[in-house]
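# An overview of the molecular structure
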Amino acid sequence: DNTKDFSKLVIAYEPVWAIGTGLTATPQQAQDTHAEIRQWISKKAGADVADAVRIQYGGSAHDKNAAHLAPGPHIDGFLLGGAPLKGGP
């Protein structure tokens, strides 16, 4: 039963204003939004599920900004699109 192993669930978040623009949220914006997503999951499904789910940032992440986005507690990785293939901004 896959519904019991929420560590396999990955949510990718990208700000709507970042889609296709090459713009990236600030580390604080990304952390705040990811924390809100995790809090919503916790309220709906429980803290254990919220802790197990991986939430990735996908708003034009690349080698020059990932190091600034990654240290916070709520970003569990990155969904990479075209930005890293183009070498970033």
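The preceding data block contains the structure.
Now for a look at the structure at hand. (Residues numbered from 1 in each chain as written. Predicted model: local features only at pLDDT ≥ 70, side-chain atom pairs only at ≥ 80, totals over all residues. Heavy atoms only, no water.)

## Regarding the overall build of the chain
To keep it simple, the criterion reads: Labels follow the DSSP assignment, with helices taken as runs of H or I lasting at least four residues and strands as runs of E lasting at least two, numbered in each case from the N terminus. When accessible area is computed with a 1.4 Å probe and restricted to protein chains, residues below 20% of their type maximum are described as buried, those above 50% as exposed, and intermediate ones as partly exposed. The criterion used for residue contact is that any of the two residues' heavy atoms lie within 4.5 Å. Note on areas: Shrake-Rupley, 1.4 Å probe, and residue coverage restricted to the protein chains presented here.
From N to C terminus, the chain includes 3 helices and 2 strands. Looking at the 89 residues of the chain, the share that counts as buried comes to 29%. The long-range share in the chain, meaning contacts at least 24 apart out of those at least 6 apart in sequence, stands at 55%. Accessible area of the chain: about 5,600 Å², with a carbon and sulfur share of 57%.

## A few points about the pattern of salt bridges
The criterion, for reference: In the sections that follow, a salt bridge refers to a side-chain nitrogen of Lys or Arg positioned within 4 Å of a carboxyl oxygen of Asp or Glu.
Applying the stated criterion across every chain yields a total of 1 salt bridge. Of the charged contacts, one joins R38 and D76 as a salt bridge, the two residues approaching to 2.6 Å between their closest N and O atoms. In this pair, R38 is assigned in helix α1 (residues 27-45) and D76 in the segment after α3 (66-69), connecting sequence segments 38 residues apart.

## As for the packing of aromatic side chains
Heads up, the condition is: For Phe, Tyr and Trp, rings pair up if their centres lie within 6.5 Å, where Trp contributes its six-membered ring, and each pair is then called stacked (planes under 30 degrees apart), edge-to-face (over 60) or tilted (otherwise).
Scanning the entire structure with this criterion turns up 1 aromatic pair. Judged by centre distance (6.4 Å) and plane angle (55°), the ring pair of Y13 and Y57 falls under tilted. Of this pair, Y13 sits in strand β1 (residues 10-13) while Y57 sits in strand β2 (residues 54-57), and the two are 44 residues apart along the sequence. When its relative accessible area of 0% is taken as the criterion, Y57 is described as buried.

## Observations concerning a nonpolar patch on the surface
Spelled out, the test is: Patch membership requires more than 30% relative accessible area and the absence of a salt bridge. Residues of like charge join within 9 Å; the nonpolar side chains Val, Leu, Ile, Met, Phe, Trp and Tyr join within 5 Å.
On the surface, a nonpolar cluster with roughly 430 Å² of combined accessible area is contributed by V16, W17, I19 and L23. Looking at where W17 falls in the secondary structure, it is placed in the loop between β1 and α1. The partly exposed category is assigned to W17, whose relative accessible area is 41%.

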